[in-house]
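Listed here are the chains, written in short residue letters.
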Amino acid sequence: MSAVLGTLTGVALVLSGVGLGAVGATLAGTGALAELKRQAGTAPVSGPSASGPRGTPSAPARAPVVARLGVEVADGRRPGARVVAVHMPGPGSSAGLVPGDVLLAFDGRRVDSAADLARAVARARPGDEVTLTVRHRGGDRRRLTAVPGIVT
């Protein structure tokens, strides 16, 4: 029963946008970090809402920029968020995450579930380094550095 619940939770998180962080996004390298930091917080939105009354141009609407780690996770039997897939290229793969890893902390905040990880990543600023505490399949714990990106 818990395996079914964990799978359903993972599917719900993927459908809600968690785990899709690297799809379509490629960071051009560390030179792009300054630009990401400058843009963090807002991004232009295009479409019909970008024009004023009677089609007159107006300032584009802005939507918040949300950080993505580029991993798909699910709840396991123990605390943490179990990595079930890593998008390549992406922040998670660049940091060294592999399927089977269990994320225990995100930038110093304890992660007990996939939902905890989703909230922690959502609070992160794209382009800022974060520290991940990870338990690998063999049981050893490591600290990895990741730079959450944005979906373009």
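Conventions used here
Residues numbered from 1 in each chain as written. Predicted model: local features only at pLDDT ≥ 70, side-chain atom pairs only at ≥ 80, totals over all residues. Heavy atoms only, no water. Helix = DSSP H or I, 4+ residues; strand = E, 2+ residues; numbered from the N terminus. Buried < 20%, exposed > 50% of the residue type's maximum accessible area, 1.4 Å probe, protein only. Contact = heavy atoms within 4.5 Å. pLDDT = per-residue confidence, 0-100. Core = buried A, V, L, I, M, F, W, Y, C linked by side-chain atoms within 4.5 Å. Pairing = 2+ DSSP bridges.

(A) Fine view of the overall build of the chain. Assigned secondary structure in the chain consists of 4 helices and 8 strands. Element order for the chain, N to C, with α for helix and β for strand: α-α-β-β-β-β-α-β-β-α-β-β. Looking at the chain residue by residue over its 152 residues, the buried ones come to 40%. If you take every contact in the chain between residues at least 6 apart in sequence, the share linking residues at least 24 apart comes to 54%.

(B) Layout of the confidence of the model for the chain. Of all residues in the chain, 58% attain a pLDDT of 70 or more, and the chain-wide mean is 74. In the predicted structure, residues 11–16 sits below a pLDDT of 50 and forms 6 contacts with residues beyond four places in sequence or in another chain. Counting contacts from residues 19–51, a segment whose pLDDT is below 50, to residues more than four positions away or on other chains yields 59 contacts.

(C) Focus on the nonpolar core. Within the largest apolar cluster, 22 residues are counted, with the highest numbers of intra-cluster contacts made by Leu-69, Val-73, Leu-97, Leu-103, Phe-106, Leu-117 and Leu-132. Those elements giving two or more residues to this core turn out to be strand E3 (71–75), strand E4 (81–86), strand E5 (102–106), helix H4 (114–123), strand E7 (130–135) and strand E8 (141–146). Counting residues per element, this core draws most heavily on H4, at 4 residues. Residues in contact with Leu-97, not counting those within four places in the same chain, are Leu-69, Val-71, Val-86, Gly-92, Leu-103, Leu-132, Val-134 and Leu-144.

(D) Region of the structure containing the pairing of E7. Of all 6 residues in E7, 5 are buried; the element is thus mostly enclosed. Where E5 and E7 come together, 4 bridges link them in antiparallel fashion. Considered in E7, the bridge of Leu-103 is made with Val-134. Strand direction decides the pairing type here: E7 and E8, joined by 6 bridges, are antiparallel. Looking at the pairing, Thr-133 lines up with Arg-143 of E8. If you look at the hairpin formed by E7 and E8, you'll find 5 residues sitting between the two strands, and Gly-139 has a positive phi there, around 100 degrees.

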